[in-house]
Amino acid sequence: MIDDYYNEEEQWERVKRWLRENGPWLIAGVIIGLGALAGWRWYEARVERRHVEASIAYSDILKTLERGDRTAALTAIDELRKEYGSSAYADQADFLGARVHVDTNELGKAAERLTRVMTDSDDPQLQLLARVRLARVQIAQNNADAALKTLDGAKPGGFVARFDEVRGDALLAKGDRAGALAAWRKAEAVAGGDGKRPATIDLEGLRLKIWDLESDGVKTPVKP
């Protein structure tokens, strides 16, 4: 029993000695760990707060546009982009700005905003959407070749139908009516609208364009 007592006492002395030697490091580790946790929570709260702020700013832009104040809306869009550039709301705001510029025939400015989303957005889907809209703007600028180059610059993913429809528009602008018809037919085939899945584009408008060419005797070219 005495031996057991001394063994326990020796073990306790060893524990106390270990604590004296390593205690400061343990305390420092706890402090660092608590600091890191507090810092992470602060970061999460900041991200959430800025997300809410960007959402409110975007909502205010929509209200401004509803009032018809395009100048104030464009100013607010630029401010949102400057303050919350990493937010998806900045990309959505640029989409709104591009639409305003198109409505006022400022196609160059619309192209700038769409190019920024296409190249800088963190969302691949928004990048593709911006690419399609940019191609439309380039067609309106009488630059069908640039539009085709824009469309060929990325894989369309779930935007296949939109890419093919706009490609057809670009080919028509170049005078390639048979190529346009082929692209539109392809868009129609992959767009859905068969009752089993929702259409991804305006099928009625697309079919009117197809009908217009076919009524003029244009035929889809046959692949060799």
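Residues numbered from 1 in each chain as written. Predicted model: local features only at pLDDT ≥ 70, side-chain atom pairs only at ≥ 80, totals over all residues. Heavy atoms only, no water.

Comments concerning helix α2 (residues 70–83)
Convention followed: Secondary structure elements follow DSSP: runs of H or I of four or more residues count as helices, runs of E of two or more count as strands, with numbering from the N terminus. Each residue after the first adds 1.5 Å to the expected span of a helix. Burial classes follow relative accessibility: with a 1.4 Å probe on protein chains only, a residue under 20% of its type's maximum area counts as buried, one over 50% as exposed, and anything between as partly exposed. The directions considered for the arc are those from the helix axis to the C-beta atoms.
The end-to-end C-alpha separation of α2 is 20 Å, in line with the 20 Å expected for 14 residues at 1.5 Å each. Turning to α2, its buried residues number three or more, namely A73, L74, I77, L80 and R81. Taken around the axis of α2, the buried residues stretch over an arc of 120 degrees, which confines them to a single face. Turned more than 90 degrees away from the buried face of α2, the exposed residues are T71, E79 and K82.

Considering the nonpolar core
Across soluble globular proteins, you tend to see nonpolar side chains buried next to one another. We apply this condition: What makes a nonpolar core is a set of buried Ala, Val, Leu, Ile, Met, Phe, Trp, Tyr and Cys residues whose side-chain atoms join them at distances within 4.5 Å. Contact between two residues is taken to exist if any of their heavy atoms lie within 4.5 Å; hydrogens are not considered.
Counting residues in each nonpolar core, the largest one holds 39 residues, and the members touching the most others are F95, I201 and L206. Those elements that place two or more of their residues in this core are α3 (88–103), α4 (107–120), α5 (124–140), α6 (144–151), α7 (160–173), α8 (177–190) and α9 (203–215). In terms of residues, this core owes the most to one element, α5, which gives nine residues. Not counting residues up to four positions away in its chain, the partners in contact with L206 are E165, W184, A187, E188 and I201. Judged by nonpolar contacts, the second largest core, of 11 residues, contains A54, I61, Y84 and A90.

Structural notes on the pattern of salt bridges
The line we're drawing: Within this document, salt bridges are pairs made up of a side-chain nitrogen of Lys or Arg and a carboxyl oxygen of Asp or Glu, the two lying within 4 Å of each other.
Inspection of the entire model under this criterion finds 18 salt bridges. Among the ionic pairs, R113 bridges to D78, the shortest N-O distance being 2.9 Å. A residue pair is termed long-range when its members are at least 10 positions apart, and R113 in helix α4 and D78 in helix α2 qualify at 35 residues. Taking relative accessible area as the criterion, R113 reaches 7% and is therefore assigned buried. Owing to a relative accessible area of 38%, D78 belongs among the partly exposed residues under this scheme. A salt bridge links R81 to D91, with the nearest nitrogen and oxygen atoms 3.1 Å apart. In this pair, R81 sits in helix α2 while D91 sits in helix α3, placing the two residues 10 residues apart along the sequence. No difference in accessibility class separates R81 from D91, as the two residues are buried.

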